[in-house]
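Okay, here's what each chain looks like letter by letter:
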Amino acid sequence: MPKKCCVVGCRSNYKRKIEECSSNSNHVTYKTVFSFPDSNQLDLRNCWIKFVNRADWSPTENSVICIDHFEDKYLKRGKRITLNYCENPIPTIITNQNILSKPSLIQSTSAFRKPPAVRIYSHPFLDETYDFRKHDTIKSIIDLNESFCPAGFSFKLV
């Protein structure tokens with residue numbers, strides 16, 4: 001019995017697909033499925049879990065995702081079809097378009113930000129920006145002179 005894809009809404013390997021072989025006998029075909037990455041590839045594994053879109057779910061050793069959810073650039077074809085883990089294969093193709101109209105089953109996590117670090121120069125007289133603003137502020141056009149002109153340019157009053 002084949003393993004079934006665990007992505008919400010995917011029905012791969014649930015119903016048998018009967019195709020005609022060249023010998024006119026019925027032949028059952030199943031979709032290729034891939035097991036979840038090991039726990040040593042935690043980032044990739046978490047991407048796969050998020051794609052499955054099941055609330056409060058974690059994959060078991062029997063959990064798989066079918067070939068329909070992977071782009072061709074992630075597949076290595078030979079005698080068997082395998083995933084190219086050098087490319088970090090992330091499932092991206094949603095096969096059941098009805099799922100898109102429903103909200104995600106995974107709760108969105110709100111990331112809490114750390115408070116900003118205390119500035120080293122908290123006193124206005126020790127801060128570099130204070131000096132910059134104090135000395136380089138142009139209050140009127142009359143204040144412009146040669147000192148404000150960048151190197152390589154000339155200052156000319158018109």
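Since this is a predicted model, take the numbers as computed values, not measurements.

Cut-offs applied
Residues numbered from 1 in each chain as written. Predicted model: local features only at pLDDT ≥ 70, side-chain atom pairs only at ≥ 80, totals over all residues. Heavy atoms only, no water. Helix = DSSP H or I, 4+ residues; strand = E, 2+ residues; numbered from the N terminus. Buried < 20%, exposed > 50% of the residue type's maximum accessible area, 1.4 Å probe, protein only. Contact = heavy atoms within 4.5 Å. Areas by Shrake-Rupley, 256 points an atom, 1.4 Å probe, with all protein chains shown as cover. Disulfide = S-S within 2.5 Å. Phe/Tyr/Trp six-rings, centres within 6.5 Å; stacked < 30°, edge-to-face > 60°. Salt bridge = Lys/Arg side-chain N within 4 Å of Asp/Glu carboxyl O.

Draft legend 1. Focus on the overall build of the protein chain. Within the protein chain one finds two helices and six strands. The helix and strand sequence of the protein chain, counted from the amino end, reads β-β-β-α-β-β-β-α. For the protein chain, the residues scored as buried account for 22% of the 158 residues in total. Intrachain contacts of the protein chain at a sequence separation of at least 6 include 51% that bridge at least 24 residues. Summed over all atoms, the accessible surface of the protein chain reaches about 13100 Å², with 54% contributed by carbon and sulfur.

Draft legend 2. Just the state of the cysteines, in detail. Under the definition given, this model contains zero disulfides. The thiol of C6 is not disulfide-bonded; the next cysteine sulfur, from C5, is found 5.6 Å away. Note on C66: no disulfide assigned, nearest cysteine sulfur contributed by C10 at a separation of 3.7 Å.

Draft legend 3. Structural detail: unusual backbone geometry. Phi is positive for N53, which is not a glycine, with a value near 65°. For N53, the position within the fold is in the loop between α1 (42–52) and β4 (64–66). You will see that N88, though not glycine, has its phi angle at about 50°, which is positive. Exposure remark for N88: the relative accessible area of 43% places this residue in the partly exposed category.

Draft legend 4. The packing of aromatic side chains, seen in detail. Under the defined criterion, the tally for this structure stands at four aromatic pairs. Relative to W48, the ring of F36 has its centre 5.4 Å away and its plane inclined at 65°; by these criteria the two rings are edge-to-face. Here the residue F36 occupies a position in the loop between β3 (33–35) and α1, and W48 occupies one in helix α1, the gap between them amounting to twelve residues. Taking the relative accessible area as the measure of exposure, F36 reaches 8% and is therefore buried. The interplanar angle of 55° and the centroid separation of 5.2 Å between the aromatic rings of W48 and F70 together place this pair among those described as tilted. Pair noted here: W48 is in helix α1 and F70 is in the loop between β4 and β5 (75–77), with a separation of 22 residues, a long-range link. Its relative accessible area of 3% is what places F70 among the buried residues.

Draft legend 5. Seen up close, the environment of F148. With respect to the secondary-structure elements, F148 resides in the segment after α2 (128–135). Overall, F148 belongs to the partly exposed group, its relative accessible area being 34%. Along the backbone, F148 and D136 are twelve residues apart, and their C-alpha atoms lie at a distance of 8.5 Å. Those residues in contact with F148 that sit more than four places away from it in its chain are D136, I138 and D143.

Draft legend 6. Structural context of the pattern of salt bridges. Tallying each qualifying case throughout the model produces three salt bridges. Among the salt bridges present, the one from D68 reaches K31, with a minimum N-O distance of 3.2 Å. Taken together, the residues span a long stretch of sequence, with D68 in the loop between β4 and β5 and K31 in the loop between β2 (26–29) and β3 at a distance of 37 residues. The salt bridge involving D72 is made with R77; its shortest N-O contact spans 3.4 Å.

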